[in-house]
Amino acid sequence: MEKPLSSAQWTKQIINQHEIDKYLINGCDFVSESEIILHLKQNSHTSSQQIHDILQKSLAIQNLSPAETAALLNVTSAELWEKIFETALAVKRKVYDNRIVFFAPLYASNLCVNNCAYCGFRSENNLEVRRMLTSQEIISETQAILQEGHKRVVMVVGEHQNTAIEYLCEAIKAAYSVEYKSIKTGCVSRIRRVNVNAAPMDIGDLKRLKEAGIGTYQVFQETYHHQTYQEIHPANTVKGNYRWRLYAHHRALEAGLDDVAIGALFGLYDWRFEVMGLVYHALDLERQFGIGPHTISFPRLNPALGSELSIKSPWQVSDADFKKLVAVLRLAVPTAGLIITAREKAELKKEVIQVGCTQTDASTRIGIGSYSKDDKVKHLDSEQFVLGDSRNLDELIQEMIQQGNIPSFCTAGYRCGRTGETIMGMLSKCDEGKFCKLNAVLTFREYLNDFASDSTRILGESILQKEMASIETMAYFKNKPHLLQKFHRDYSELLNGKRDVYI
Ligand code: SAM
Ligand code: SF4
């Protein structure tokens with residue numbers, strides 16, 4: 001392994017000030033703390049009628065303003081919160097229908113030059129055993145992930161010169177190259193969408209990521225609060241530059257990567273402030289590029305090896321507040337997908353999915369190389385944090401079905417060019433949910449045949465038949481007979497052993 005550059009040398013090489021300054025307005029970034037605090041103060045006693053009006057605006061699939069978001073965040077009545085939860089689910093159903101999309105994170109490397117106080121991968125954590133997977137190891141990990149039935153992964157790496165753009169492109173290529181033959185049917189499946197969660201890059205590297213064929217580019221701001229950000233990300237590290245991170249998605253959109261994902265690590269600062277930060281972020285992307293975030297993530301701080309902050313933060317978010325913040329995000333940015341991860345415990349995850357989440361991970365392993373290890377032992381010395389939910393995909397699918405959701409492995413959107421403005425347009429007209437229902441049924445059919453346990457298959461058949469009957473009566477398809485014809489043809493072909501058909 002090459003001798004790593006020092007953090008200072010790396011920072012100098014990575015950060016291009018011009019690719020920050022061009023997005024500023026009068027030299028300021030879009031997170032005005034005084035404005036956020038004022039909104040939270042001025043909207044602390046909104047009448048119940050006004051809250052109902054705000055909910056109606058969300059139901060009309062319009063973004064909420066910062067003031068409206070602040071009003072929801074300040075609600076104190078338990079009765080109104082119930083109404084908020086109910087409306088959040090209604091908005092989700094209107095935009096995305098009852099689909100829940102599954103993915104698996106693929107942790108490729110824990111090498112990192114940064115020193116984020118909350119993370120097990122931070123450079124000063126000597127308890128962490130450092131490892132970066134070779135292409136062959138990525139292939140083994142992908143095999144193990146495919147064996148569960150997954151079709152999409154999020155490739156995750158720390159920030160390090162050895163795992164920068166060259167490495168990432170090779171890793172993505174390796175993941176896409178793998179073929180897995182189902183033991184049940186002999187049918188071949190592949191990973192169809194590799195998303196990436198990696199450090200902010202410059203526009204040149206982001207163009208290369210696009211060429212590598214990624215789906216979504218995901219970067220979490222961690223905290224939008226400037227001072228807190230500086231306290232937990234040392235200034236002499238790349239990550240110590242708040243604005244380099246804040247404008248990562250702007251650069252991605254400029255590079256033509258038009259599915260971008262934002263997020264905040266809840267538990268570092270006041271959760272209401274972070275929700276406001278996410279809303280300002282979504283609004284600025286729309287203002288500057290006409291495209292909002294494809295997804296929003298809201299990881300909560302989990303205990304991490306060698307990180308005192310991860311267990312002692314004064315800003316830990318309670319389960320009750322967590323549910324509220326997810327519901328408000330659903331209402332404030334109605335077109336964004338919402339991702340809940342295996343950081344959360346099973347019971348809470350089950351509850352929070354029903355206030356508007358659209359994606360979740362399953363069979364999750366976050367140790368480097370731990371999917372392909374035979375043992376089920378946790379690899380704490382190479383994990384980023386401790387997981388809350390270790391259930392496998394089959395178990396989670398049963399739960400989703402029992403909740404009235406249809407599991408989906410659809411990756412058609414970006415493969416058919418339905419990204420960026422196109423997908424945003426479809427989402428805001430509430431067309432996407434109906435259209436993608438077809439792909440949800442097709443991909444779930446594949447899963448049931450190729451991977452499901454006997455009990456999941458029995459449960460799955462019943463929801464599949466119900467969904468297929470509902471498709472026949474949906475007004476949306478009435479004047480689109482070609483879509484239904486293709487759907488029926490694809491469905492029959494799947495039953496005859498063809499795979500990877502989509503609309
Ligand atoms: N190194 C890249 C970066 O920082 O952008 C990649 C991401 S990191 C491996 C993935 C995300 O995990 C971080 O952005 C952070 O939000 C989250 N994370 C870090 N430490 C965590 C912890 N203790 N609990 C929960 N999530 C954590
Ligand atoms: Fe490195 Fe990312 Fe962890 Fe920070 S959050 S220490 S940048 S892996």
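Predicted, not measured: the structure shown is a model, and the values here were computed from it. (Residues numbered from 1 in each chain as written. Chains lettered and ligands numbered in written order. Predicted model: local features only at pLDDT ≥ 70, side-chain atom pairs only at ≥ 80, totals over all residues. Heavy atoms only, no water.)

This part is about the overall build of the chain. Counting its regular elements, the chain contains 23 helices and 11 strands. The globule rule puts the C-alpha radius of gyration for 503 residues at 23 Å, and the 22 Å found for the chain is close to it. Dimensions of the chain along its principal axes, counting C-alpha atoms only, are 60 × 60 × 40 Å. Buried positions account for 61% of the 503 residues belonging to the chain. When contacts within the chain are restricted to residue pairs at least 6 apart in sequence, those whose partners lie at least 24 apart make up 76%. The centroid of the 58 positive side-chain charges in the chain is displaced by 4 Å from the centroid of its 60 negative side-chain charges. (Helix = DSSP H or I, 4+ residues; strand = E, 2+ residues; numbered from the N terminus. Rg over C-alpha atoms; globule rule 2.2 N^0.38 Å. Buried < 20%, exposed > 50% of the residue type's maximum accessible area, 1.4 Å probe, protein only. Contact = heavy atoms within 4.5 Å. Lys, Arg positive; Asp, Glu negative; His and termini not counted. Charge placed at Lys NZ, Arg CZ, Asp CG, Glu CD.)

A word on the pairing of strand β2 (residues 152-157). Here β2 lies mainly inside the structure; 6 of its 6 residues are buried. Residues Arg-152, Val-154 and Val-156 line one face of β2 and the alternating positions Val-153, Met-155 and Val-157 line the opposite face, and both faces are buried. Examined bridge by bridge, strand β1 (residues 99-109) and β2 share 5 bridges and lie parallel to one another. Bridge pairing links Ser-109 to Val-157 in β2. Crossover handedness for the path β1 to helix α7 (residues 135-148) to β2: right-handed. Pairing between β2 and strand β5 (residues 193-197): 5 bridges, direction parallel. Residue pairing for β5: Val-154 is matched across the bridge by Asn-195. (Pairing = 2+ DSSP bridges. Right-handed = clockwise from strand over helix to strand, strands pointing away.)

Neighbouring residues of ligand 1: 20 residues in total, closest Tyr-118, Glu-222, Lys-239, Arg-245 and Asn-302. Separating a nitrogen atom of ligand 1 from a backbone N or O atom of Tyr-118 is a distance of 2.9 Å. The separation between a nitrogen atom of ligand 1 and a polar main-chain atom of Val-157 is 3.2 Å. With the chains in place, 97% of the 560 Å² that ligand 1 exposes on its own is no longer accessible. (Near = heavy atom within 4 Å. Polar contact = N/O pair within 3.5 Å; in protein donor to acceptor, adjacent residues only side chain to side chain. Areas by Shrake-Rupley, 256 points an atom, 1.4 Å probe, with all protein chains shown as cover.)

A few words now on unusual backbone geometry. Notably, Asn-26 is not glycine yet its phi reads approximately 50°, a positive angle. The backbone of Ile-61 sits at a positive phi, close to 55°, despite the residue not being glycine. Within the secondary structure, Ile-61 sits in the loop between α4 (48-59) and α5 (66-73). Judged by its relative accessible area of 9%, Ile-61 is buried.

Attention now goes to the packing of α5 against helix α15 (residues 319-332). Packed helices, taken two at a time, are described by their axes: the angle between them and the distance between them. In contact at an axis separation of 10 Å, α5 and α15 are set at 155° when each is read in the N-to-C sense. What the angle tells us is that α5 and α15 run roughly antiparallel. Pair α5 / α15 crosses with right-handed handedness. Of the residues in α15, those in contact with Thr-69, Leu-72 and Leu-73 of α5 are Val-328, Leu-331 and Ala-332. (Axes fitted to C-alpha atoms, helices over the stretch in contact; angles between N-to-C directions. Parallel < 35°, antiparallel > 145°, perpendicular 65-115°, else oblique. Left-handed = near helix turned anticlockwise from the far one by under 90°.)

We now examine the pattern of salt bridges. Tallying each qualifying case throughout the model produces 30 salt bridges. In this structure, Lys-22 and Glu-254 form a salt bridge, with 2.8 Å as the shortest nitrogen-oxygen distance. Of this pair, Lys-22 sits in the loop between α2 (18-21) and α3 (33-42) while Glu-254 sits in helix α12 (residues 248-254), and the two are 232 residues apart along the sequence. Judged by its relative accessible area of 34%, Lys-22 falls in the partly exposed class. On the basis of relative accessible area, Glu-254 is assigned to the partly exposed category, the value being 36%. A salt bridge links Lys-349 to Asp-389; its shortest N-O distance comes to 3.5 Å. You can see Lys-349 sitting in helix α16 (residues 346-353) and its partner Asp-389 sitting in the loop between β10 (359-361) and α17 (393-402), a full 40 residues away along the chain. Across the pair, exposure class does not vary: Lys-349 and Asp-389 are buried alike. Where salt bridges share partners, they join Lys-349, Asp-361, Asp-389, Arg-391 and Glu-399 into one cluster. (Salt bridge = Lys/Arg side-chain N within 4 Å of Asp/Glu carboxyl O.)

Under the 1.5 Å per step criterion, the end-to-end length of α15 is 20 Å for 14 residues, consistent within 8% with the ideal 20 Å. Across the 14 residues of α15, 10 count as buried, placing the element largely inside the fold. (Expected span 1.5 Å × (residues − 1).)

As a further point, take the side chain of Asn-439. Topologically, Asn-439 is positioned in helix α20 (residues 432-450). Within the local environment of Asn-439, its side chain forms a polar contact with the backbone nitrogen of Ile-503, the two atoms lying 2.8 Å apart. With residues near it in sequence (within four places) discarded, Asn-439 still touches Cys-410, Ala-412, Arg-418, Tyr-502 and Ile-503.

This brings us to the nonpolar core. Generally speaking, a soluble globular protein has its nonpolar side chains buried in company with each other. Counting 171 residues, the largest nonpolar core has Ile-138, Met-155, Leu-209, Tyr-217, Phe-298, Leu-325 and Phe-444 as its most contacted members. Beyond its immediate sequence surroundings of up to four residues, Phe-298 is in contact with Ala-264, Phe-266, Phe-322, Leu-325, Val-326, Leu-329, Leu-338, Ile-339, Ile-340 and Cys-357. (Core = buried A, V, L, I, M, F, W, Y, C linked by side-chain atoms within 4.5 Å.)

Moving on: the domain arrangement of the chain. What the domain assignment lists for the chain is domain 1 (33-89), domain 2 (93-422) and domain 3 (427-495). Inter-centroid distance (C-alpha atoms) of domain 2 to domain 3 is 27 Å. With both chains or domains summed, domain 2 and domain 3 bury close to 2,600 Å², and 61% of this area falls on carbon and sulfur atoms. The largest contributions to the domain 2 side of the interface with domain 3 come from Lys-184, Ile-401 and Ile-406, which together make up 20% of the buried area. Run the count over domain 2 and domain 3 and you get 2 salt bridges. Among the ionic pairs, Glu-446 bridges to Arg-192, the shortest N-O distance being 3.0 Å. Seen at the junction of domain 2 and domain 3, the total is 13 residue pairs in polar contact (both at pLDDT 80 or more). At the level of secondary structure, the elements contributing two or more residues to the side of domain 2 that touches domain 3 comprise α6 (78-96), α7, α17 and β11 (406-408). Sorting elements by how many residues they give to the side of domain 2 that touches domain 3 places α17 first, with 6 residues. (Domains from an automatic or database assignment. Buried area = accessible area lost by both parts, 1.4 Å probe.)

With that settled, consider the environment of Ala-248. In this fold, Ala-248 is placed in helix α12. Along the primary structure Ala-248 and Glu-351 are separated by 103 residues, whereas in three dimensions their C-alpha atoms are 32 Å apart. When neighbours within four sequence positions are excluded, Ala-248 is seen to be in contact with Pro-200, Leu-206, Tyr-217 and Val-219.

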